[in-house]
Amino acid sequence: MIRTANVADDAELARIDYESWAPVNSPSPLWERSRPFFGEQTRTSPADVLVAQRTGIVLGYVKLRRIDDSTVRLAGLAVDRRARRAGIGQGLLSAALAEARTRGYTRADLKVLGSNHVALELYRRAGFVELERVPGRFVIEGRKVDDLTLAIAL
Ligand SMILES: CC(C)(COP(=O)(O)OP(=O)(O)OC[C@H]1O[C@@H](n2cnc3c(N)ncnc32)[C@H](O)[C@@H]1OP(=O)(O)O)[C@@H](O)C(=O)NCCC(=O)NCCS
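Residue indices begin from 1 for each chain and proceed along its sequence in written order. Side-chain atom pairs in this predicted model are given and counted only at pLDDT of 80 or more, local residue features only at pLDDT of at least 70, and totals for whole chains, interfaces and linings cover all residues.

Caption draft 1: Layout of the overall build of the protein chain. When you go through the protein chain residue by residue, the secondary structure sums to three helices and seven strands. If you list the helices and strands of the protein chain from N to C, you get β-α-β-β-β-α-β-α-β-β. C-alpha atoms define the radius of gyration in this analysis, and the globule rule sets the expected value at 2.2 Å times the number of residues to the power 0.38. The C-alpha atoms of the protein chain give a radius of gyration of 15 Å, which matches the 15 Å a tight globule of 154 residues would have. C-alpha extents for the protein chain along the principal axes are approximately 40 × 35 × 30 Å. Of all 154 residues assigned to the protein chain, the portion counted as buried reaches 27%. Once C-beta atoms have been placed from the backbone, residue pairs whose C-beta atoms lie within 7 Å are recorded as contacts. For the protein chain, long-range pairs separated by at least 24 residues make up 58% of all intrachain contacts whose partners lie at least 6 apart in sequence. Numbering goes from the N terminus for both helices and strands, where a helix is a DSSP run of H or I of at least four residues and a strand is a run of E of at least two. Whether a residue is buried, exposed or partly exposed follows from its count of other C-beta atoms within 10 Å of its own C-beta, namely 20 or more, 12 or fewer, or something in between, respectively; the C-beta atoms are built from the backbone.

Caption draft 2: Seen up close, helix α2 (residues 88-102). One less than the number of residues in a helix, times 1.5 Å, gives the span that helix is expected to have. When the terminal C-alpha atoms of α2 are compared, their 21 Å separation across 15 residues agrees well with the 21 Å that a helix rising 1.5 Å per residue should span. If you check which residues of α2 are buried, you get I88, G89, L92, L93, A96, L97 and A100. In this fold, the buried residues of α2 make contact with β1 (2-4), β2 (49-54), β3 (57-66), β4 (71-79), β5 (107-113) and α3 (117-126). In the stretch just after α2, G104 is the one whose phi turns positive, near 95°.

Caption draft 3: Expanded view of the site of the ligand. All residues are tested the same way: a C-beta atom is placed from the backbone, and lying within 6 Å of a molecule or strand makes the residue near it. In the vicinity of the ligand lie 19 residues, with N25, R84, G89, Q90 and L122 positioned nearest. Those elements that place two or more of their residues in the shell around the ligand are β4, α2 and α3. Counting residues per element, the shell around the ligand draws most heavily on α3, at five residues. Three categories are distinguished: nonpolar for Ala, Val, Leu, Ile, Met, Phe, Trp, Tyr, Cys and Pro, charged for Asp, Glu, Lys and Arg, and polar for the others, with Gly belonging to the last. Among the residues forming the shell around the ligand, the class breakdown is nine nonpolar, six polar and four charged.

Caption draft 4: Here's a closer look at the pairing of strand β7 (residues 143-153). Strands pair, by our definition, only if DSSP identifies at least two bridges between them. Bridge analysis of β5 against β7 gives seven bridges, and the strand direction is antiparallel. Opposite D109, over in β7, you have A151 as the bridge partner.

Caption draft 5: Quick peek at the nonpolar core. What makes a nonpolar core is a set of buried Ala, Val, Leu, Ile, Met, Phe, Trp, Tyr and Cys residues, with links drawn between C-beta atoms within 7 Å. With 35 residues, the main nonpolar core has L50, V51, Y61, V62, L92 and A96 as its most contacted residues. Secondary structure elements with two or more residues in this core: α1 (10-20), β2, β3, β4, α2, β5, α3 and β7. No other element matches α2, which puts six residues into this core. When residues no more than four places from it in sequence are discounted, the contact partners of A96 are L50, V62, L64 and L74.

Shown next as structure tokens:
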């Protein structure tokens, strides 16, 4: 089941978030384990997050962030490590695109590292196309990594 998040999901989402991001998929330094998921620090409110839940347990999330009247950014997608490769990421992505259409957006985009092959495969299969590539934009653990922007018409 996929539903809109609520504040009670904070701790579970913060854990999934903390465990999901690593140099292969994020150019940002890691944060404190205790950082809340919602709030000003992360610019995230429950109304803009969809969560995947199975048997009462939160297993993943996707964030929607308004760019302008026509474009929404999928600003984060992560699935609990123990629940991966079971279609949850794909389900969250489809639900986010459906929600974006409902909210009246005509385009969705997202940022992804060239090194994140798993996510790139997921996005390409969903129909996203490469809009921009900045070669070697980041240097992560001594390696140059491309910064990609993908987009899809809704
Ligand atoms: C990317 C992520 C959200 C995918 O979630 P998931 O629930 O495991 O994905 P799904 O099971 O829905 O997989 C959908 C498709 O993605 C691709 N995929 C997923 N995991 C893969 C893997 N380990 N290797 C290769 N392809 C993979 C496949 O095409 C898969 O379809 P298939 O299983 O029919 O072959 C998850 O790996 C994750 O949380 N990664 C860390 C955070 C991250 O990188 N997020 C994206 C940032 S831009």
